[in-house]
Amino acid sequence: MTSLFHYLQDTLKVTPLDDDQVQVTVTLPTEHFLHFARILDSLCGLVASVNSRTRLAKFQAAAEALKFNEQCEANQQDYYRYIVERFDRYTAEGLNRNQAIKRIGADLREVNHPCGSCRPARSYWPTSGKQS
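The residue count restarts for each chain, going from 1 along the sequence in the order it is written. Restriction of local features to residues with pLDDT of at least 70 applies here, the model being predicted, together with a cutoff of 80 or more for giving and counting side-chain atom pairs; totals for whole chains, interfaces and linings are based on all residues. Only hydrogens and water are removed before side-chain values are computed, so all heavy atoms of the structure are retained for them.

Asks: Teacher, can you tell me more about the overall build of the protein chain here?
Replies: For the purposes of this entry, the term helix denotes a DSSP run of H or I that reaches at least four residues, the term strand denotes a run of E that reaches at least two, and both are numbered from the N terminus. When its secondary structure is counted, the protein chain shows four helices and two strands. What you see in the protein chain, going N to C, is helices and strands ordered as α-β-β-α-α-α. Working definition: with a 1.4 Å probe on protein chains only, accessible area under 20% of the residue-type maximum means buried, over 50% means exposed, and in between means partly exposed. Buried residues in the protein chain amount to 16% of all 132 residues. Note on contacts: a residue pair is in contact if any heavy atoms of the two residues lie within 4.5 Å. Considering only contacts within the protein chain whose residues lie at least 6 apart along the sequence, 39% involve residues at least 24 apart. Of the accessible surface of the protein chain, which amounts to about 10500 Å², a share of 54% is contributed by carbon and sulfur atoms. Shrake-Rupley sampling with a 1.4 Å probe provides the accessible areas, and residues are treated as covered by the protein chains on show and by no other component.

Asks: Before we go on, may I ask you to explain a nonpolar patch on the surface in this structure?
Replies: Like charges within 9 Å and nonpolar side chains (Val, Leu, Ile, Met, Phe, Trp, Tyr) within 5 Å are joined into patches, using only residues over 30% in relative accessible area that form no salt bridge. Salt bridge, as used here: a side-chain nitrogen of Lys or Arg that lies within 4 Å of a carboxyl oxygen of Asp or Glu. The grouping of Ile39, Leu40, Leu43, Leu46 and Val50 at the surface amounts to a nonpolar patch, some 410 Å² of accessible area in total. Looking at where Leu43 falls in the secondary structure, it is placed in helix α2 (residues 33-92). Residue classification places Leu43 among the partly exposed residues on the basis of a relative accessible area of 44%.

Asks: Looking at this model, I keep getting lost on the packing of aromatic side chains. Mind explaining?
Replies: The relation between two aromatic rings is expressed through the spacing of the ring centres and the mutual angle of the planes. A pair of Phe, Tyr and Trp rings is counted when the ring centres sit within 6.5 Å of each other, with Trp represented by its six-membered ring. The angle between the planes then sorts it: under 30 degrees is stacked, over 60 is edge-to-face, the rest tilted. Per the counting criterion, the structure on display carries one aromatic pair. Geometrically, a lysine NZ or arginine CZ counts as sitting over a ring once it is within 6 Å of the ring centre and also within 35 degrees of the ring normal. Arg89 extends its terminal NZ or CZ atom over the ring of Tyr90, reaching a point 6.0 Å from the ring centre.

Asks: What's the story with the packing of α2 against helix α3 (residues 97-110) in this structure? I'm lost.
Replies: Working note: a packed helix pair is described by the angle between its axes plus the distance between those axes. As a packed pair, α2 and α3 sit with axes 9 Å apart at the nearest point and diverge in direction by 130°. Classified by the angle their axes make, α2 and α3 are oblique. Considering the relative orientation of α2 and α3, their crossing is right-handed. On the side of α2, the interface is formed by Tyr79, Tyr82, Ile83, Arg86, Phe87, Tyr90 and Thr91, while α3 contributes Arg97, Ala100, Ile101, Arg103, Ile104, Asp107 and Leu108. Axis definition: a line fitted to C-alpha atoms, limited for helices to the stretch in contact. Angles are taken between N-to-C directions and run from 0 to 180 degrees. Angles are sorted into four bins: roughly parallel if under 35 degrees, roughly antiparallel if over 145, roughly perpendicular if 65 to 115, and oblique for all others. Left-handed is the label given to a crossing in which the near helix is rotated counterclockwise from the far helix by less than a right angle, and right-handed is the label when the rotation is clockwise.

Asks: Help me understand the pattern of salt bridges, please; the structure alone is not making it clear to me.
Replies: Note that side chains of opposite charge can pair when their charged atoms are close. Summed over the entire model, instances satisfying the criterion amount to two salt bridges. One salt bridge connects Arg81 with Asp78, and the closest N-O pair in it is separated by 2.6 Å. One end of the pair, Arg81, and the other, Asp78, are both in helix α2, three residues apart, so they sit about a helical turn from each other. Given a relative accessible area of 40%, Asp78 falls into the partly exposed group. Put simply, Arg86 and Asp107 hold a salt bridge, and the shortest N to O gap is 2.8 Å. A residue pair is termed long-range when its members are at least 10 positions apart, and Arg86 in helix α2 and Asp107 in helix α3 qualify at 21 residues. The two residues Arg86 and Asp107 agree in class, both being buried.

Here you go:
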């Protein structure tokens, strides 16, 4: 493809400045100035649109991550509550600690729970008054 702005290749000058900026100097014929300015204006609008969509996507992703984290914490609390309630029920029925833990693990496996054992809850038990 042949560039319609072939003269830009010869007259374009880029000078590095401080703060990660560059100075761009272009020498062009007077009759092309208005067209060039319109092209730059269109490109600035396009870049601004892309940047705003990128920022919007980042904000949406952050909001979804926050919602997901909150749901994870709620699921974890439900799991801990389930474990403690089962533990209390089984020990009240007369099972010792190890038997209750085994029974809870069997209950979790029976319902295909992702945590098929009580190990993840053991760190929570001391705060709920249980012995690990």
